[in-house]
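# Coordinates in review
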Amino acid sequence: MRVLVTGAASGIGRATCRRLARDAEMRGEQGMLATVDLGPSAALDELAAELQKLGVDALPIYGDMGSADDPARVVEEAVQRFGGLDGVVSNAGINRPGPLLTYSVEDWDRLFAVNTRATWLLAKAAHPALKASQGAIVATASMSGSNAHAGLGAYAPSKAAVIMTMRVLAQEFGPDGIRVNTVSPGMVRTGMTERVYQDQAIAEARDALVPLGRVATPEDIADVISFLLGPDSHYITGHDLTVDGGVSGNFLGRLPGTTEVNRA
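Given the structure is predicted, the values throughout are model-derived calculations rather than measurements.

This model, assessed by the stated rule, comprises 14 salt bridges. One salt bridge in this structure joins Arg2 and Asp86, with 3.0 Å as the shortest N-O distance. Of this pair, Arg2 sits in strand β1 (residues 2-6) while Asp86 sits in the loop between α3 (70-82) and β4 (87-90), and the two are 84 residues apart along the sequence. Residue Asp86 is classed as buried on the basis of its relative accessible area of 19%. Linked by salt bridges that have partners in common, Arg19, Asp23 and Asp223 make up one network.

In structure tokens:
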């Protein structure tokens, strides 16, 4: 399977590359992974070495998903190396918290460029290759894209926009045999959020909010991305799959005083 993954050096992207490598190994296939990240790093080099040990043809590519040109360029490099693509995982994302009242235009535009526009540009560039392979696109959204999340600036609006972008792409690309879906993680321990979980009290409080009893790992999300790329999801497109352990649906259960309501 020939797949391009952005934001590959850490978190969900890294876990996805590892999962796809294991998938290829189990199927006896030659895995081909374009691991895209912002620039050279020890983490990206380590990932490439790990993937190569698993028999994967790993191609590290550097590119800024917030730029207008790099998404198409990284797709072109991957297609030239692998002779095509079977999947694209648009996972690169950033967050710049703050209230919208004082939020800067620069931060707003940067979040939408990376978190939303990149998925569209990757999809445009990959369309011919994915049409030829009857492939799939998976973008990483967020539960914040479906639930208002104050204080995170443009993060929630940008994730809502990527969900709708996915739905439109699914309608337009469906006749060409290309499936397009998003995965919306809930709380996940990644490099972006790790500082939060260094406070044990906060970590335990967050675990307690989740009906399944714990905050997600990047591997939990990678498993779902693998499913949405793979043959078992061959009739799923235009779908936003929330992977949050039930936390986004647990608001009413946390309302104070619920157990004191009179029985009628």
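Picking up where we left off.
In this section: the nonpolar core. Membership of the largest hydrophobic core comes to 30 residues, with the highest contact counts inside it found for Leu4, Leu85, Val88, Ile137 and Val180. Elements that contribute at least two residues to this core include exactly β2 (32-37), β3 (57-62), α3, α4 (105-133), β5 (136-140) and α5 (155-173). In this structure, Ile137 is in contact with Val88, Ala123, Leu130, Phe173, Ile178, Arg179, Val180 and Asn181, ignoring residues within four places of it in sequence. The next biggest cluster of nonpolar side chains, apart from the first, holds 27 residues, and it includes Ile12, Ala48, Leu51 and Val138.

Before going further, it helps to spend a moment on the sheet that holds β4. The strand order across the open sheet built from 7 strands is β3-β2-β1-β4-β5-β6-β7, with neighbouring strands paired in parallel fashion. Only two strands of the sheet have a single partner each, and these edge strands are β3 and β7 (240-243). If you compare each strand with its neighbour and ignore which way they point, the axes differ by 15° on average. Both β2 and β3 contribute to a ladder of 6 bridges, which runs parallel. Residue pairing in the sheet places Leu33 in a bridge with Ala58 of β3. Those strands touched by α4 are β1, β4 and β5, and its axis lies near 170° from that of β4. The strands that α5 touches are β5, β6 (179-185) and β7; relative to β6, the one it contacts most, it runs at about 160°.

Calculation rules
Residues numbered from 1 in each chain as written. Predicted model: local features only at pLDDT ≥ 70, side-chain atom pairs only at ≥ 80, totals over all residues. Heavy atoms only, no water. Salt bridge = Lys/Arg side-chain N within 4 Å of Asp/Glu carboxyl O. Helix = DSSP H or I, 4+ residues; strand = E, 2+ residues; numbered from the N terminus. Buried < 20%, exposed > 50% of the residue type's maximum accessible area, 1.4 Å probe, protein only. Core = buried A, V, L, I, M, F, W, Y, C linked by side-chain atoms within 4.5 Å. Contact = heavy atoms within 4.5 Å. Pairing = 2+ DSSP bridges. Axes fitted to C-alpha atoms, helices over the stretch in contact; angles between N-to-C directions.

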